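Per-entry structural report
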Amino acid sequence: MDKAFITGGSRGIGSEIAKQLVYKGIKNLILGYNNSYTEAKKVADYCMEHGATVNLCQINLANIEDAQLKLKEAITQMGGIDILVNNAGITQDSLALRMNHDRWDSVLDINLKAAFFLSKTALKPMIKQRNGRIINISSIIAQKSRGGQVNYAASKGGLEAMTRALAVEVASRGITVNAIAPGWIDTEMTQDQDNQKQGQGGLESTIPVGRIGQVSDVAHLAAFLSSAEASYITGQIIAVDGGLSVRI
Ligand code: NAP
């Protein structure tokens, strides 16, 4: 297990997953980014200082055919792929009655369609080598709802169903497919929502463990699921949410 490709590796959860994989001994990493070249370069430099060979890959998941092509090139460049982390994701919030086609399609394309078609591209070499790990980053919003996110909820619900279905198809080939469902994690994605919630009396009080999650909380699990030790775990959706999803 030493060749990995991560989407959305420039910032937030994806950048920390890259670092945790390198701490665990991944030697060959391709870091996907879209707009944030400078941030991606910093993550790559950090990982290289810690012993990995890292290449950057500009990849816009809105253009799925191009994204598949870039992943294919990345696989050739690394000489294979052991781990694919479908981490990149977006929100385009709007109340249901105001939800337009663009917002629906862009969120479904990036959060769900891209994750499937990149997985399909990675599966070919993984099936050949009879070994592989696919990790999808879902969200608590697949199971619990609040206003304004029908598109995001549908994308993550679909991602979780796809994770289970794909896991069953490829399990006999030594490939595991799992999803992580983070709760509230401190990244740029949640900054506006954090501010709104803070104004309503404090976000921490809604989370059983009493704190907002950190990117490392998610990244540690991603690194474990990527390891050889996790070979008997597949088709699972694992929450990393400080108990938020089980609170009455
Ligand atoms: P973030 O800080 O906003 O980072 C998003 C990442 O996705 C960036 O690296 C960005 O790349 C990449 N990205 C966005 N649009 C892209 C596109 N069209 N093509 C390729 N890459 C694209 O988000 P985050 O909080 O780390 O979220 C990471 C994942 O966790 C997402 O799937 C999100 O839904 C999920 N999640 C997050 C939370 C949370 O509380 N933060 C909770 C549940 C689930 P560039 O910056 O290079 O454009």
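Figured I'd write up the structure that's included with this text. These numbers come from a predicted model, not from an experiment. (Residues numbered from 1 in each chain as written. Predicted model: local features only at pLDDT ≥ 70, side-chain atom pairs only at ≥ 80, totals over all residues. Heavy atoms only, no water.)

A look at a positive patch on the surface
Note the threshold: Grouping into patches uses exposed residues only, defined as over 30% relative accessible area, and leaves out salt-bridged ones; the cut-off is 9 Å for like charges and 5 Å for nonpolar side chains (Val, Leu, Ile, Met, Phe, Trp, Tyr). Note on areas: Shrake-Rupley, 1.4 Å probe, and residue coverage restricted to the protein chains presented here. Here, a salt bridge means any Lys or Arg side-chain nitrogen found within 4 Å of an Asp or Glu carboxyl oxygen. When charges are tallied, Lys and Arg are placed among the positive residues and Asp and Glu among the negative ones, while His and the ends of the chain are skipped. Each charge is placed at NZ for Lys, CZ for Arg, CG for Asp and CD for Glu. A run of H or I in DSSP becomes a helix once it reaches four residues, and a run of E becomes a strand once it reaches two; helices and strands are each numbered from the N terminus.
Among the surface-exposed residues, K72, K120, K124 and K128 lie close enough to one another that they form a single positively charged patch. Sort the elements by how many residues they give to the positive patch and helix α4 (residues 101-129) lands first, with three residues. By secondary structure assignment, the location of K72 is in helix α3 (residues 64-78).

Side note on the sheet that holds strand β3 (residues 53-58)
The line we're drawing: Only strands joined by at least two bridges in the DSSP assignment are considered to pair. To get an axis, a line is fitted to the C-alpha atoms, and for a helix only the part in contact is used. The angle between two axes follows their N-to-C directions and goes from 0 to 180 degrees. Here, residues are in contact when the closest pair of their heavy atoms is within 4.5 Å.
Strand order in the open sheet formed by seven strands is β3-β2-β1-β4-β5-β6-β7, and the pairing between neighbours is parallel. Bordering the open sheet on either side are β3 and β7 (237-240), each of which pairs with just one other strand. Adjacent strand axes in the sheet meet at a mean angle of 15 degrees, parallel and antiparallel pairs treated alike. In this sheet, strand β4 (residues 83-86) lies alongside strand β1 (residues 3-6) in parallel orientation, the contact comprising three bridges. Bridging across to β4, I6 finds its partner in V85. In this fold helix α2 (residues 37-49) packs onto β2 (28-33) and β3, with an angle of close to 165 degrees to the strand it touches most, β3. Strands in contact with α4 are β4, β5 (132-137) and β6 (175-182); relative to β4, the strand with the most contacts, it is inclined by about 175 degrees.

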